[in-house]
Amino acid sequence: YNWPIDSYNYVEGVYRVGELDDPDGRKVIIQQIHAYDAPPLVKIQYQSGGKVYALIKTDASGDTDEKPLLGTVDGNETFVLKTTIDYGYLKLYFNDELVVTRDVSFWSNYSNYFKAGNYMQ
């Protein structure tokens, strides 16, 4: 199901990743807003030490990201992520707390869909 940015859509999940004992500092992408014909608008990234970040495109070119910290978890602790598109606004929730709001109406030329999984980076 592909949807436009000027609509209301969301994905929510309960996650438990655990420790990434990796000297190379690899990361795991666990949730995304992907576009049918463009790079992902948002990637939610879990890093060593239990830090959860969002990589958010900052303009329609898709060339630059910002990387706000959403939250931190300990070891095997579960956490809840909710990613919402609310008529041109991205809203990111960590453990039911609204952490990020961004105007992403610049992404209106793309058809979008959610992805969740375990994508090592």
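To be clear, the structure that these remarks concern was listed above.
Every value quoted in this text rests on a predicted model; they were computed, and no experiment measured them.

Novice: Explain the overall build of the protein chain residue by residue, including any values.
Specialist: For the protein chain, the helix and strand inventory stands at zero helices and 10 strands. For the protein chain, the sequential pattern of α-helices and β-strands runs β-β-β-β-β-β-β-β-β-β. What you see for the protein chain is a C-alpha radius of gyration of 14 Å, in line with the 14 Å of a compact globule of 121 residues. In the protein chain, the share of contacts with a sequence separation of at least 24, taken over all contacts with a separation of at least 6, comes to 57%. When the accessible surface of the protein chain is summed, it comes to about 6300 Å², and 44% of that surface belongs to carbon and sulfur atoms. Charge separation in the protein chain, taken as the distance between the mean sites of 11 positive and 17 negative side-chain charges, equals 3 Å.

Novice: For the sheet that holds strand S1 (residues 8–15), give the residues involved together with the corresponding values.
Specialist: Overall, antiparallel pairing links the four strands, which are arranged S1-S7-S8-S9 in an open sheet. Looking at the sheet topology across the chains shown, the edges are occupied by S1 and strand S9 (97–103). Across this sheet, the average inter-strand angle for adjacent strands is 15°, counted without regard to direction.

Novice: Can you lay out the packing of aromatic side chains for me, pointing to particular residues and giving the numbers?
Specialist: For the structure shown, the criterion picks out seven aromatic pairs. Summarising the aromatic geometry, the rings of Tyr8 and Tyr10 are spaced 6.2 Å apart at their centres and angled 50° between planes, so their arrangement reads as tilted. Residue Tyr8 is classed as partly exposed on the basis of its relative accessible area of 39%. Aromatic side chains Phe79 and Phe94 sit 5.7 Å apart centroid to centroid with 25° between the ring planes, which places their arrangement in the stacked category. A residue pair is termed long-range when its members are at least 10 positions apart, and Phe79 in strand S7 (residues 79–86) and Phe94 in strand S8 (residues 89–94) qualify at 15 residues. Judged by relative accessible area, Phe94 falls into the buried class, the value being 8%. Across the ring face of Tyr53, the terminal group of Lys67 is positioned such that the distance to the ring centre comes to 4.7 Å. Across from the ring centre of Tyr10, 4.8 Å away, lies the NZ or CZ of Lys82, which sits over that ring.

Novice: For the nonpolar core, give the residues involved together with the corresponding values.
Specialist: If you look at the biggest cluster of nonpolar residues, it comprises 28 residues, and the most contacted ones within it are Ile44, Leu70, Phe79 and Leu81. Mapped by element, the contributors of at least two residues to this core are strand S2 (27–35), strand S3 (38–47), strand S4 (51–57), S7 and S8. The biggest single contributor to this core is S3, with five residues. Contact partners of Leu70, with chain neighbours within four places excluded, come to Ile44, Val52, Tyr53, Ala54, Leu81, Leu92, Phe94, Val99 and Val100.

Novice: So what's going on with the environment of Tyr36? Residues and values would help.
Specialist: Within the fold, Tyr36 resides in the loop between S2 and S3. Given a relative accessible area of 62%, Tyr36 falls into the exposed group. Taking the C-alpha atoms as reference points, Tyr36 and Tyr110, separated by 74 residues in sequence, lie 6.9 Å from one another. Sequence-distant contacts of Tyr36, defined by excluding residues within four places in its chain, comprise Asn2, Ser111 and Tyr113.

Novice: Requested: an account of the pairing of S9, with residues and values cited.
Specialist: Looking along a regular strand, one sees side chains alternate from face to face of the sheet. Pairing of S8 with S9 involves six bridges; the strand directions are antiparallel. Residue pairing in the sheet places Tyr89 in a bridge with Asp103 of S9.

Definitions and cut-offs
- Residues numbered from 1 in each chain as written.
- Predicted model: local features only at pLDDT ≥ 70, side-chain atom pairs only at ≥ 80, totals over all residues.
- Heavy atoms only, no water.
- Helix = DSSP H or I, 4+ residues; strand = E, 2+ residues; numbered from the N terminus.
- Rg over C-alpha atoms; globule rule 2.2 N^0.38 Å.
- Contact = heavy atoms within 4.5 Å.
- Areas by Shrake-Rupley, 256 points an atom, 1.4 Å probe, with all protein chains shown as cover.
- Lys, Arg positive; Asp, Glu negative; His and termini not counted.
- Charge placed at Lys NZ, Arg CZ, Asp CG, Glu CD.
- Pairing = 2+ DSSP bridges.
- Axes fitted to C-alpha atoms, helices over the stretch in contact; angles between N-to-C directions.
- Phe/Tyr/Trp six-rings, centres within 6.5 Å; stacked < 30°, edge-to-face > 60°.
- Buried < 20%, exposed > 50% of the residue type's maximum accessible area, 1.4 Å probe, protein only.
- Lys NZ or Arg CZ within 6 Å of the ring centre and 35° of its normal.
- Core = buried A, V, L, I, M, F, W, Y, C linked by side-chain atoms within 4.5 Å.

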